[in-house]
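Read off the chains here:
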Amino acid sequence: MDKGGVEAKISDHKEPKSLLAKFRLPSFNSALYTCYVDFIVDELDFRFPVGAPIHGIRAFLATNQLNLYDKARNALALSLSPVVRAIVDPDGALQDIRNLDDISFSDWFLSKGGTRTSIQRLWDPVAYALGFIDCDSISARCMLTIFALFATKTDASLLRMLKGSPDVYLSGPIKKYITDRGGRYATEKKIVKADAYVAACDVPGIKRLIPAQWREWDMFDNLFKLAGVPVITVQLRYNGWVTELQDLEKSRQLKQAVGLDNLLYTPDADFSCFADLALVSPENYYKEGQGSLIQTVAAWAADKTATFYFDRSTSRFEFIIILWVWSTIAE
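The rules behind these values
- Residues numbered from 1 in each chain as written.
- Predicted model: local features only at pLDDT ≥ 70, side-chain atom pairs only at ≥ 80, totals over all residues.
- Heavy atoms only, no water.
- Helix = DSSP H or I, 4+ residues; strand = E, 2+ residues; numbered from the N terminus.
- Buried < 20%, exposed > 50% of the residue type's maximum accessible area, 1.4 Å probe, protein only.
- Contact = heavy atoms within 4.5 Å.
- Areas by Shrake-Rupley, 256 points an atom, 1.4 Å probe, with all protein chains shown as cover.
- Expected span 1.5 Å × (residues − 1).
- Arc of directions from axis to C-beta.
- Phe/Tyr/Trp six-rings, centres within 6.5 Å; stacked < 30°, edge-to-face > 60°.
- pLDDT = per-residue confidence, 0-100.
- Core = buried A, V, L, I, M, F, W, Y, C linked by side-chain atoms within 4.5 Å.
- Salt bridge = Lys/Arg side-chain N within 4 Å of Asp/Glu carboxyl O.
- Polar contact = N/O pair within 3.5 Å; in protein donor to acceptor, adjacent residues only side chain to side chain.
- Disulfide = S-S within 2.5 Å.
- Axes fitted to C-alpha atoms, helices over the stretch in contact; angles between N-to-C directions.
- Parallel < 35°, antiparallel > 145°, perpendicular 65-115°, else oblique.
- Nonpolar A, V, L, I, M, F, W, Y, C, P; charged D, E, K, R; others polar.
- Patch = residues over 30% accessible without salt bridge, like charges linked within 9 Å, V, L, I, M, F, W, Y side chains within 5 Å.

(A) Structural context of the overall build of the chain. The number of helices and strands found in the chain is 14 helices and 10 strands. Within the chain, the fraction of its 331 residues that count as buried is 38%. A sequence separation of at least 24 residues applies to 59% of the contacts in the chain between residues at least 6 apart. For the chain, the accessible area works out to roughly 19000 Å², and carbon and sulfur atoms hold 55% of it.

Encoded structure:
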């Protein structure tokens, strides 16, 4: 997600070659977020001729994901948050937000008048997309930092997706940049001597990598206080177009990719965030003669049976996969 400021001249703004913007208006860098609620398509639509914070207020007031009562309570909670201060004093607001790191978003939100329904229907999927944990576990600091960006940066709501495989469009260019300047990748198990080291690891991986003697420094010892969130990523290839919900015949044909070209999320399944890669990242994932390639993430995945279920009675299309996830966090 792009978090930069609004360009003075949109026409001069160059899109990254490896990224594709989703549902963009020419006047502002705003996006449409679509979700499934009880198998009904709904929207959190930031497309509006006026930028932040107006386009965000309008998006939340217009969405059908919450009823009028929950919207009012949601507005009350956010009006009592540092997000309002961020509009006029971003630095001061961010300091206030940092002070909320020790309280969960749920506890903070409910204490300010928000409702549990708002958490379950709207904010839990957002929290899962951010950190693979729900609002009872994620800190208020994390969620409110994102809210502050949406309130102050018009293009914070713009969603960009890689054109294709991360190996080609993300890690590949990074590797080329390093090697073109004399650096090299060390993936083999041997001692490597260098002037500087960069390691990209998950939480269990970094704990195994750091030498015990380094723990005398707080910077490294603090890493052992982190707890990883086990997740599982699943890709499912279909013989039709899963997110094409308007035209039954189009959803069954394989000559042309159709459906919702966007990141989708739902509060109603074991997976909260998913997308059709054949649509959003077509360079490597669209295959002629094949349909949707749905990628989704299940979290919390340790010691859990995750059921992936998509029911489309209108097209007689139903797919169920049971995944027995037995892996746990490596300590």
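Once the structure has been displayed, the description carries forward.
(B) Molecular detail of helix 2 (residues 68-79). For helix 2, spanning 12 residues, the distance from its first C-alpha to its last is 16 Å, which sits close to the expected 16 Å at 1.5 Å a residue. Restricting attention to buried positions, one finds in helix 2 the residues Asp70, Lys71, Asn74 and Ala77. Around the axis of helix 2, the buried residues are gathered within 125 degrees of arc, so they sit on the same side. Away from the buried face of helix 2 by more than 90 degrees, exposed residues Leu68 and Tyr69 are located. Taken together, the buried residues of helix 2 touch helix 1 (54-62), helix 5 (105-111) and helix 6 (116-131).

(C) Spotlight on the packing of aromatic side chains. One pass over the full model with this rule turns up 11 aromatic pairs. Pairing Phe105 with Phe147 gives two aromatic rings, centres 5.8 Å apart and planes at 80 degrees, and the pair type is edge-to-face. With Phe105 in helix 5 and Phe147 in helix 7 (residues 140-152), this residue pair connects regions lying 42 residues apart in the sequence.

(D) Spatial organisation of the confidence of the model for the chain. For the chain, the mean per-residue pLDDT works out to 79, and 80% of the residues sit at or above 70. Mean pLDDT across the elements of the chain ranges from a minimum in strand 10 (residues 317-325), with 33, to a maximum in helix 5, with 98. Throughout residues 1-13 the model reports pLDDT below 50, and contacts reaching past four residues in sequence, or to other chains, amount to 25 contacts. Within the model, the stretch residues 303-331 combines pLDDT values under 50 with 71 contacts to residues more than four positions away or in other chains.

(E) Main features of the nonpolar core. Judged by nonpolar contacts, the single largest core of 29 residues is most densely connected at Phe105, Trp123, Met143 and Leu144. At the level of secondary structure, the elements contributing two or more residues to this core comprise helix 3 (82-88), helix 4 (90-98), helix 5, helix 6 and helix 7. A per-element tally of this core places helix 7 first, with eight residues. Not counting chain neighbours up to four residues away, the residues in contact with Leu144 comprise Ser81, Pro82, Val83, Ile97, Leu100 and Trp108.

(F) Representation of the pattern of salt bridges. Applying the stated criterion to the full structure yields seven salt bridges. For Arg85, the salt bridge goes to Asp96, with nearest N and O atoms at 2.7 Å. Within this pair, whereas Arg85 is found in helix 3, its partner Asp96 is found in helix 4, the two being separated by 11 residues in sequence. For Arg85, a relative accessible area of 36% translates into the label partly exposed.

(G) Main features of the side chain of Lys207. With respect to the helices, strands and loops of the structure, Lys207 is situated in helix 10 (residues 203-209). Judged by its relative accessible area of 15%, Lys207 is buried. Engagement of the side chain of Lys207 in a polar contact is seen with the backbone oxygen of Leu226, the distance being 2.8 Å.

(H) Looking closely at the state of the cysteines. Counted under the stated rule, the structure contains zero disulfides. Cys135 takes part in no disulfide bond, and the closest cysteine sulfur to it belongs to Cys142, at a distance of 9.7 Å. Residue classification places Cys135 among the buried positions, given a relative accessible area of 0%.

(I) Structural detail: the packing of helix 6 against helix 7. It is the contact of helix 6 with helix 7, at a shortest axis distance of 11 Å, that shows an interaxial angle of 100 degrees. Looking at the two axes, helix 6 sits roughly perpendicular to helix 7. Taken together, the residues of helix 7 that come into contact with helix 6 (itself represented by Trp123, Val126, Ala127 and Leu130) are Cys142, Met143, Ile146 and Phe147. Taken together, the residues that form the contact of helix 6 with helix 7 break down as eight nonpolar, no polar and no charged.

(J) Broad picture of unusual backbone geometry. A cis geometry characterises the amide bond from Ala52 onward to Pro53, with omega recorded as 0 degrees. Among the structural elements, Pro53 can be located in the loop between strand 3 (40-45) and helix 1. Despite not being glycine, Phe132 has its phi angle at roughly 65 degrees, a positive value. Mapped onto the elements of the fold, Phe132 is located in the loop between helix 6 and helix 7.

(K) Spotlight on a nonpolar patch on the surface. A cluster of nonpolar side chains, namely Leu170, Ile174, Tyr177, Ile178 and Tyr185, defines an oily patch on the protein surface of about 460 Å² accessible area. By secondary structure assignment, the location of Tyr185 is in the loop between helix 9 (171-180) and helix 10.

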